[in-house]
Amino acid sequence: PIMVSGTITDASGRTLSGQTVEAFVASLSHIPLLSIGFNCALGADLLLPYMKRLSNITEFFTSAHPNAGLPNAFGEYDQTPEEMKLLIREYLESKCVNIIGGCCGTTPEHIKLIAEEANNFSPRNIV
């Protein structure tokens, strides 16, 4: 199984290679993927709109691994596990993910609370 995860670099909504969400999906849809998604660079609040767009245009499972917020002036991530859990709840309520986790700044406690929250929801239905 192949899982592909890209990175939306900033508010431009483009990947590191300059693709929009739609172009990213189009460029990979010929491969029999297990999942397609986004990770890193953005916190859960900023990544959510791109995950919603992605989930509306792909027939593959979707994955999201956002950061625990954005790095502070010291390069550290200040978002608490409880804060991230509440943000991840929005992903689960909107049914835009099948696989959820964390990237930069997430700790075992972040992942524990995300997993507990995910257990309260059913996964996204495939288009």
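Shown above is the structure to which this text applies.
Cut-offs applied
Residue numbers run consecutively from 1 along every chain, following the written order of its sequence. Predicted model: local features are reported for residues with pLDDT of at least 70 only, side-chain atom pairs are reported and counted for 80 or more only, and whole-chain, interface and lining totals are derived from all residues. For the side-chain quantities, the full set of heavy atoms in the structure was used; hydrogens and water were omitted. Strands were regarded as paired on the criterion that DSSP finds at least two bridges between them. Labels follow the DSSP assignment, with helices taken as runs of H or I lasting at least four residues and strands as runs of E lasting at least two, numbered in each case from the N terminus. Contacts are assigned to residue pairs with any non-hydrogen atoms lying within 4.5 Å of each other. Angles shown run from 0 to 180 degrees and are taken between the N-to-C directions of axes, each axis being a line fitted to C-alpha atoms and, for helices, limited to the stretch in contact. Per-residue accessibility, obtained with a 1.4 Å probe over protein chains only, is compared with the maximum for each type, and a residue is labelled buried under 20%, exposed over 50%, and partly exposed between these values. Here a crossover is taken to be right-handed if, once the strands point away from the viewer, the path from the first strand over the helix to the second is traced clockwise.

Student: Help me understand the sheet that holds strand E2 (residues 35–43) in this model?
Tutor: The pairing of strands in a sheet happens through backbone hydrogen bonds and is either parallel or antiparallel. A sheet is described by the order of its strands in space; here 4 strands give the open sequence E1-E2-E3-E4, paired in parallel fashion. The open sheet has two free edges, formed respectively by strand E1 (3–6) and strand E4 (99–100), since each of these has just one partner strand. Judged from the 6 bridges that link them, E2 and strand E3 (residues 61–67) form a sheet pairing that is parallel. Residue pairing for E3: Phe-38 is matched across the bridge by Ala-64. Taken strand by strand, helix H2 (residues 44–57) contacts E2 and E3, and its axis lies near 160° from that of E2.

Student: Mind showing me how you'd approach the pairing of E3 here?
Tutor: Where a strand is regular, its side chains alternate between the two sheet faces. Counting buried residues along E3, 5 of its 7 residues qualify, which places the element largely inside the surrounding structure. This β-α-β element, E2 to H2 to E3, shows right-handed connectivity. Of the pairings in the sheet, the one linking E3 to E4 comprises 2 bridges and is parallel in character. Paired with Ala-64 across the two strands is Ile-100, which belongs to E4. Note that the unit made of E3, helix H3 (residues 81–93) and E4 has a crossover that is right-handed.

Student: In this structure, what is going on with unusual backbone geometry? I would like to understand it.
Tutor: Most peptide bonds take the trans configuration, and most residues that are not glycine carry a negative phi. Of note in the backbone geometry, Cys-40 takes a positive phi value of approximately 65° without being a glycine. Along the chain, Cys-40 falls in strand E2. At Lys-95, a residue that is not glycine, the phi angle is positive and equals roughly 55°. Along the chain, Lys-95 turns up in the loop between H3 and E4. Among the residues examined, Lys-95 registers a relative accessible area of 32% and is labelled partly exposed.

These figures capture arrangement, not role.
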